[in-house]
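Coordinate analysis (summary)
One-letter residues, chain by chain:
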Amino acid sequence: MGTSQERESVSAAIEGELRLLDPAVRSSRAEVARLLDPEFTEVGASGRRYTYAEMVAELHDHPGSSPDGPVYEPSEITGRLLAPGLVHLTYETRLGGRRALRSSLWRKQDDDTGWRMYYHQGTPVS
């Protein structure tokens, strides 16, 4: 997969992505706020647009956020370092009987905040 910088960057973004799929993290506003970039936006599989503030306030109520409910099952996660501090991830999820293709941009602006999700899009597939 390229240089050690690329491998480390992609691994860190994948680790963050998987954390955001974990019901324990999704139900914690503090953890969600830490993992999302303040300029975060999303176009969900529902077609709705979300801002950082909306996602921090609402993610705990979204599907996949309850430990006793269905959880996201990711597969085929791949990533590429687009530029220093910017990683693009793509993968597929299953949640219950629903599948979606997903794309995320992860940004690292400094070592203090680390890697944070800058943009996310989910596209339902049949």
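Structural data are supplied above this passage.
A brief report on the enclosed structure follows. (Residues numbered from 1 in each chain as written. Predicted model: local features only at pLDDT ≥ 70, side-chain atom pairs only at ≥ 80, totals over all residues. Heavy atoms only, no water.)

**Describing the pairing of strand β3 (residues 73-83)**
Two strands pair when backbone bridges link them, and β3 and strand β4 (residues 86-95) are joined in this way by eight bridges, in the antiparallel orientation. Within β4, the position partnered with E73 by the bridge is R94. Hairpin connection, β3 to β4: the antiparallel pair is bridged by two residues, and G85 has positive phi, about 85 degrees. (Pairing = 2+ DSSP bridges. Helix = DSSP H or I, 4+ residues; strand = E, 2+ residues; numbered from the N terminus.)

**Here we look at the side chain of S104**
Along the polypeptide, S104 turns up in strand β5 (residues 98-108). Look at S104 and you get buried, because its relative accessible area is 0%. One polar contact links S104 to E17, side chain to side chain, over a distance of 2.9 Å. Here H120 takes part through its side chain, which lies 2.6 Å from a polar atom of the side chain of S104. Beyond its immediate chain neighbours, meaning those up to four positions away, S104 contacts E17, V87, H88, L89, Y91, M117, Y119 and H120. (Buried < 20%, exposed > 50% of the residue type's maximum accessible area, 1.4 Å probe, protein only. Polar contact = N/O pair within 3.5 Å; in protein donor to acceptor, adjacent residues only side chain to side chain. Contact = heavy atoms within 4.5 Å.)

**Things to note about the nonpolar core**
Within the largest apolar cluster, 19 residues are counted, with the highest numbers of intra-cluster contacts made by L20, L36, M55, V87, W106 and M117. Among the secondary structure elements, those contributing two or more residues to this core are α1 (4-21), α3 (29-35), β1 (36-43), α4 (52-58), β4 and β6 (115-125). (Core = buried A, V, L, I, M, F, W, Y, C linked by side-chain atoms within 4.5 Å.)

**A short note on the environment of G114**
If you trace the backbone, G114 turns up in the loop between β5 and β6. Put simply, G114 and G85 are 29 residues apart on the chain and 9.4 Å apart in space, counted from C-alpha to C-alpha. Those residues within four positions of G114 in sequence are excluded, and the remaining contacts are R107, K108 and Q109.

**Observations concerning α1**
For α1, built from 18 residues, the straight-helix expectation of 26 Å at 1.5 Å per residue is met to within 8% by its first-to-last C-alpha distance of 26 Å. Among all positions in α1, only E6, S9, V10, A13, G16, E17, L20 and L21 are buried. Looking straight down α1, one finds that the buried residues subtend no more than 145 degrees of arc, so they occupy a single side. Residues of α1 that are exposed and point over 90 degrees away from its buried face: E8 and E15. (Expected span 1.5 Å × (residues − 1). Arc of directions from axis to C-beta.)

**Brief notes about the pattern of salt bridges**
Enumeration according to the criterion identifies seven salt bridges in this entry. With a shortest N-O distance of 3.3 Å, R107 and E39 are connected by a salt bridge. You can see R107 sitting in strand β5 and its partner E39 sitting in strand β1, a full 68 residues away along the chain. In this structure, E92 and R99 form a salt bridge, with 2.6 Å as the shortest nitrogen-oxygen distance. Connected via shared salt-bridge partners are R19, E31 and R34. (Salt bridge = Lys/Arg side-chain N within 4 Å of Asp/Glu carboxyl O.)

**A closer look at the sheet that holds β1**
With mixed pairing, the six strands of this open sheet are ordered in space as β2-β1-β6-β5-β4-β3. Of all the strands in the sheet, just β2 (49-51) and β3 have a single pairing partner and so form its edges. Taking each pair of neighbouring strands and ignoring which way they run, the sheet shows an average axis angle of 15 degrees. The pairing of β5 with β6 spans 10 bridges and is antiparallel. Considered in β6, the bridge of K108 is made with W115. (Axes fitted to C-alpha atoms, helices over the stretch in contact; angles between N-to-C directions.)

As far as function goes, none of this settles anything; it's purely spatial.
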